[in-house]
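Structural overview
Residues per chain, in single letters:
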Amino acid sequence: MSEVGTEVKILVIDEQEVSAHAGQTILEVARENDIHIPTLCYLEGLSNVGACRLCLVEIKGSSKLTPACVTTVQEGMEVSTNSERLTRHRRTILELLFAERNHICSVCVANGHCELQSLGQELGLTHVRLPYRNPDLPVDASHERFTADHNRCILCTRCVRVCAEIEGAHVWDVMGRGVNCTIITDLHEEWGKSTCTRCGKCVQVCPTGALFDKSKIGSEHPKYPDFLPFLNMMREAQ
Amino acid sequence: MTIEELDQIAASARSEREKFEHEINVCHGTGCLSQHSDRVKESIAQALQALGKNAYVRRTGCMGLCAAGPLVLVDPEGSLYQHVNPSHAEKIAASLDDKPVEELQCNLREHFDQQVHIVLENSGRIDPERVEDYIASDGYRALLMALNDMTPQGVVRQITESGLRGRGGGGYPTGLKWGTVAKAKGDVKYVICNGDEGDPGAFMDRSVLESDPHRVLEGMAIAAYAVGASKGYIYVRAEYPLAVSRLTSCLRDARRHGLLGNNIGNTHFNFDVEIRLGAGAFVCGEETALIASIEGRRGTPRPRPPYPASSGLWGKPTLINNVETFANIAPIIRKGSRWFAGIGSARSKGTKVFALTGKITNTGLVEVPMGIKLREIIEVIGGGVPGGHKFKAVQTGGPSGGCLPESMLDIGVSYDALQSVGSIMGSGGMIVMDDTSCMVNVARFFMEFCMTESCGKCVPCRAGTAQMHTLLTRICTGAGTMDDLALIEDLCSTVKETSLCGLGQTAPNPVLSTLKYFRNEYIEHIVEKRCRAGVCNMEAAAEVLA
Ligand SMILES: Cc1cc2nc3c(=O)[nH]c(=O)nc-3n(C[C@H](O)[C@H](O)[C@H](O)COP(=O)(O)O)c2cc1C
Ligand code: SF4
Ligand code: SF4
Ligand code: FES
């Protein structure tokens, strides 16, 4: 969420004139106007990290690509959210994610409810050209209620942010560098032995099958990340 | 401390020195120290005493020719001795009023004659830990001049007019950056010195911090005055223990002399500096990651804007410059912007320090005027490629830079020229390669570096560098196909255009530049299963082909 000002800005997104408050991000304004921009690390209600790079858009007058989730609107800006160049990069980024760990949808609890899978379909990803890395990653089932399967994690850090920013527990964090990054609970304790409050927010915001509820299987595991904006609204109202 | 008091310290330091007929400077840079130059210094002191000679023995910072160390410089004769060990002490002592010691002499006129020393003017000439030595070489004069005779805006103007550009790699105009921070709203502002220096083969900043730490502190203090900051941090990697210990002792001395702390130079200006140690992650040299690291968080970059100039350390306006950038400040204030702008080329002013390494005769540190031809640096100053081998490429800019072939050696060294041919100036690493280097393997080496140093935050850099590394490894083992090459080129484009920070955005450069100038080596590996340099082991693949 960005600091929203009272001043109004007019800009153009995909040849459509739209109005915005100063301080709003391109992504927020696009969503308000039903203009779809693919995202993975972004989640309404959490801070923005600009990490997945799927929301990159083109801005007239700049040869660089700009992440819509962290860029605030400017008066007169002309944004395109779709082009051959953008689609090519977005597809490659998705390919990179699919090849990075073990995303075998048919045997994943999130099959049919996975944001990564949906984006693959949306962008017409029919096959992956890159060599699969097939890393040997653990599954942490030590928690009474939840499981963390690192094979499905795309390191979007939504779980880290929701735990620190909304639940206030900061159980999750990222360890390591590069492809060896992993999310960890506490100082790399087992989840079951960690300071987890068992609120389950991380499970709800996780876009893939990396965090899931043990009591649910297969297509019974839709997730409901939309509670966040409401929760924030209620808290602010208090 | 006033200018008069500064003059007194300088005068007494000089008269102290004039009691001696000779000065014997023994290099105590990391290179020479690792060859026990401290013992050389002790032995020389003992030998002088035994022979009753009247000479001042001084430990100094780096003299530049690290490969020939330990180095000893005798003044006023100007004899430079190389590969000195304690057993030579007596000969050197005995030679003082006599002929120089022939067999130790280092005759490299061309090496030194082509250089222009601004940043390194005190390196190898003063004792880095004696503030009196620094003051005797006009040290801290620029700071007091700025505080007493110039407005902050005046300082910014002078730096802007000098044309100085950031030496940390990007070449951003320093005056413009200072002006932005000066104009940023906020009662608390910070100045940060970036001494993270993580490029493989680079050691310019380490050497400056070890050889002339006061110079960097003075630059930071002038910057703080110009932008309105009262607190500074100097971020040095923990792998540089000598630099850290010298900085610590210099900070203490500067405070003791009223050159840091409250009411500097009897004015209302307050400024102090703290050291922060980095744990050696390359990405922590990136300014937003460095700031996160100082704040005690995980060192990962964040998207810009906001730039540190408006929201940096703890959300406050922050000026961040490189070590060498700060080292250029005092001379610009003392000698004027016109003097500085008179050195170098049209859009790149002043000098640049390079760490010359690889297949080159004179390994070490050199400082050259901008605009000098690469050929001159390599063939004249560097003494060319040794062992009868043939030059193949020069790599500038480290993992963010590119490899340039022989045909590009006649371009002048400047930010724009290097960029236009597919490399970058970078922070000053310069690695020379000869016909025993395989360019595909070189690209793979740099990709491995980027892969392991990627912070892992954004997808294209984290997964993209790993994929490119896998594909390059395939080619180097003879298993690569032309499709793999096409895939690499595709990945280069995505990683370059979509990564979050400079690390990912520039990680493809070594691949792109070797593909541009040495594409046939890639093709040879793929089609003929042959590595002309004999570096890659492709026997298995070649047999299949046969
Ligand atoms: C991956 C990465 C590593 C960097 N490492 C360094 C470094 O070691 N030292 C440095 O001064 N600048 C480094 N930089 C550049 C800094 O972000 C910043 O631009 C610089 O410190 C600004 O100083 P300057 O204007 O004086 O050059 C790095 C940038 C990136 C993207
Ligand atoms: S576990 Fe889920 S929410 Fe957490 S980083 Fe991995 S994919 Fe994102
Ligand atoms: S480009 Fe690489 S180093 Fe920079 S933020 Fe992305 S993963 Fe981290
Ligand atoms: S949604 Fe903007 S970078 Fe991930």
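Quantities reported herein were computed from a predicted structural model and do not represent experimental measurements.

Analysis parameters
Residues numbered from 1 in each chain as written. Chains lettered and ligands numbered in written order. Predicted model: local features only at pLDDT ≥ 70, side-chain atom pairs only at ≥ 80, totals over all residues. Heavy atoms only, no water. Salt bridge = Lys/Arg side-chain N within 4 Å of Asp/Glu carboxyl O. Near = heavy atom within 4 Å. Nonpolar A, V, L, I, M, F, W, Y, C, P; charged D, E, K, R; others polar. Phe/Tyr/Trp six-rings, centres within 6.5 Å; stacked < 30°, edge-to-face > 60°. Helix = DSSP H or I, 4+ residues; strand = E, 2+ residues; numbered from the N terminus. Buried < 20%, exposed > 50% of the residue type's maximum accessible area, 1.4 Å probe, protein only. Polar contact = N/O pair within 3.5 Å; in protein donor to acceptor, adjacent residues only side chain to side chain. Areas by Shrake-Rupley, 256 points an atom, 1.4 Å probe, with all protein chains shown as cover. Domains from an automatic or database assignment. Contact = heavy atoms within 4.5 Å. Buried area = accessible area lost by both parts, 1.4 Å probe.

**Let's talk about the pattern of salt bridges**
Residue and element names in this part refer to chain B. This structure, assessed with the given rule, holds 53 salt bridges over all chains. For the salt bridge of Glu239 with Arg237, the shortest nitrogen-to-oxygen distance reads 3.4 Å. Each member of the salt-bridge network shares a partner with another, and the members are Arg17, Glu23, Arg58, Arg130 and Asp133.

**Topic: the site of ligand 3**
Taken together, 13 residues sit near ligand 3, with Cys455(B), Cys458(B), Cys461(B), Cys501(B) and Gly504(B) positioned nearest. Here the residues of the shell around ligand 3 sort into 8 nonpolar, 4 polar and 1 charged.

**Structural notes on the packing of aromatic side chains**
Residue and element names in this part refer to chain B. Applying the stated criterion to the full structure yields 12 aromatic pairs over all chains. Arranged with centres 6.2 Å apart and planes meeting at 50°, the rings of Tyr190 and Tyr233 form a pair that is tilted. Taken together, the positions of Tyr190 in strand β5 (residues 190-195) and Tyr233 in strand β6 (residues 231-237) put the pair 43 residues apart, joining distant regions of the chain. Tyr190 gets classed as buried once you look at its relative accessible area, which sits at 12%. Judged by relative accessible area, Tyr233 falls into the buried class, the value being 5%.

**Notes on the site of ligand 1**
All names here are of chain B. By nearness alone, 18 residues border ligand 1, and Gly168, Glu197, Asn321, Asn322 and Thr325 come closest of all. Interatomic distance of 3.0 Å between a backbone N/O atom of Glu287 and an oxygen atom of ligand 1. Side-chain polar atom of Thr325 to an oxygen atom of ligand 1: 2.7 Å apart, as the coordinates give it. The protein chains hide 87% of the 610 Å² of surface that ligand 1 would expose on its own. Where the shell around ligand 1 is concerned, the elements lending two or more residues are β8 (318-322) and α22 (502-506).

**Some words on the domain arrangement of chain A**
Residue and element names in this part refer to chain A. Each assigned domain of chain A is listed with its residue range as follows: domain 1 (8-82) and domain 2 (94-219). Placing a centre on the C-alpha atoms of domain 1 and another on those of domain 2 gives a separation of 26 Å. Every contact between the two is made by 13 residues of domain 1 and, on the other side, 16 residues of domain 2. Between domain 1 and domain 2, a total of about 1100 Å² is buried, with carbon and sulfur atoms accounting for 64% of that surface. Sorting the residues of domain 1 by area buried against domain 2 places Leu40, Leu43 and Leu46 first, and these three jointly supply 48% of that buried surface. For the pair domain 1 and domain 2, the number of links is 0 salt bridges.

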